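Residues per chain, in single letters:
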Amino acid sequence: MTTTQRLLEHVDRIGAEHPPIDLATVDFTVRDPALVRERFGHVLDYMARVELEVDRNVLELGAMMPDPPEVDLQFYRDVWRDQEVAHGQVLDRLQQVIGRPAAVTDTETVSVRLRLLGVLARVTPIQDMVRMLYYLTGMATERSAVIAYNRLHSGLLEAGELAIAETAIAPIRRQEPPHYAFYKLSARGLAPTLSAWQKWLVRRLRATTFAPVGANTPSQRADFGGVLVTLGFARDTDSFAHEISRVEHDLLRARRAGLRVPTYVVDALRDAVALHEARAGRS
Ligand SMILES: [Fe+2]
Ligand SMILES: [Fe+2]
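Residues numbered from 1 in each chain as written. Chains lettered and ligands numbered in written order. Predicted model: local features only at pLDDT ≥ 70, side-chain atom pairs only at ≥ 80, totals over all residues. Heavy atoms only, no water.

Peer 1: Would you mind going over the coordination of the iron ion (ligand 2) with me for this structure?
Peer 2: Where a metal carries four tetrahedral donors, each ideal angle is 109.5 degrees; where it carries six octahedral donors, the ideal angles are 90 or 180 degrees. Taken together, Glu84 (OE), Glu142 (OE), Glu142 (OE), Glu176 (OE) and His179 (ND1) make up the full set of protein donors to the iron ion (ligand 2), lying 1.9 to 2.7 Å away. Binding-site remark: the iron ion (ligand 2) is held by donors from one chain whose sequence spacing is E-x57-E-x33-E-x2-H. Separating the iron ion (ligand 2) from the iron ion (ligand 1) is a gap of 3.7 Å, bridged by Glu84, which donates to each. Taken together, the positions of Glu84 in helix H4 (residues 70–97) and His179 in helix H7 (residues 162–190) put the pair 95 residues apart, joining distant regions of the chain. Comparing Glu84 with His179, the two get one shared label, buried. (Donors = N, O, S within 2.8 Å, 3.2 Å for Na, K, Ca; no water. Helix = DSSP H or I, 4+ residues; strand = E, 2+ residues; numbered from the N terminus. Buried < 20%, exposed > 50% of the residue type's maximum accessible area, 1.4 Å probe, protein only.)

Below is the structure:
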């Protein structure tokens, strides 16, 4: 079976097995809203924003890839978008239940840089590189989501918040690994077709543009640092980085002696934590 056939099957299966979560199935009972707000409020807000902003991500993908493979379109337009938006709606409702304001999102602004990339991507070898960037970003994002939801789920269970742990976070968490699998399969299929210069350039572009999911401004990077701290990764950014960039590291052959993870990933995470701590110190 070709990679494309496997991907098509995978996308069909995700669509059939994972309909978008219906808000009516979520039990928003929170025993101790003040505690959840204090401990996890900013994590819920961060994740809600990132999930809701997939509407913008879909616009970005359209701008970046003028002529994507049909299976990519089917994935992000027909399956992925609706699932992620529902995740965002669940989390956003939850944070309002515990007395926080709704997430502030940008679902429309496509950057000039991405539009420019889209113009360049009319040339097939460039579009292949852009696709690679898309899959690598997707892998890092979806792994980050899985790790975050795992920690959030166990944190809420420990706090005795069974209803939201089991009916809000658990169903969201179940839908993320198939997204990761889509990007991994896509990246592994595409990598062997890229030439040495294409891989080199992809690596350069990743090194200069890498940002943790949803962290596009200094204040969002500090917010992400706060999420890392709450989820227990403040002193362990390396293992988080390793988790989210393992496959990328292998595919781009960036592995050098003694280097477990791409330095640009580790640096970005440490920077996020440092920004968060500096901001917390000021306030
Ligand atoms: Fe999600
Ligand atoms: Fe996802």
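Peer 1: How should the coordination of the iron ion (ligand 1) be read in this particular structure?
Peer 2: At the metal site, the iron ion (ligand 1) is ligated by Glu51 (OE), Glu51 (OE), Glu84 (OE), His87 (ND1) and Glu176 (OE), and these contacts range over 1.9 to 2.4 Å. According to the relative accessible area criterion, Glu51 is buried, its value standing at 5%. The exposure class of His87 is buried, given its relative accessible area of 0%.

Peer 1: Looking at this structure, how should I read the packing of H4 against helix H6 (residues 124–158)?
Peer 2: Axis angle and axis distance: for two packed helices, these are the angle between their axes and the distance between the axes, and together they describe the pair. With their axes 15 Å apart at the nearest point, H4 and H6 run at an angle of 30 degrees to one another. Judged by the angle between their axes, H4 and H6 are roughly parallel. For the pair H4 and H6, the crossing hand works out as left-handed. Across the interface between the two elements, Asp72, Phe75, Tyr76, Trp80, Glu84 and Leu91 from H4 touch Arg131, Tyr134, Tyr135, Glu142 and Tyr149 from H6. (Axes fitted to C-alpha atoms, helices over the stretch in contact; angles between N-to-C directions. Parallel < 35°, antiparallel > 145°, perpendicular 65-115°, else oblique. Left-handed = near helix turned anticlockwise from the far one by under 90°. Contact = heavy atoms within 4.5 Å.)

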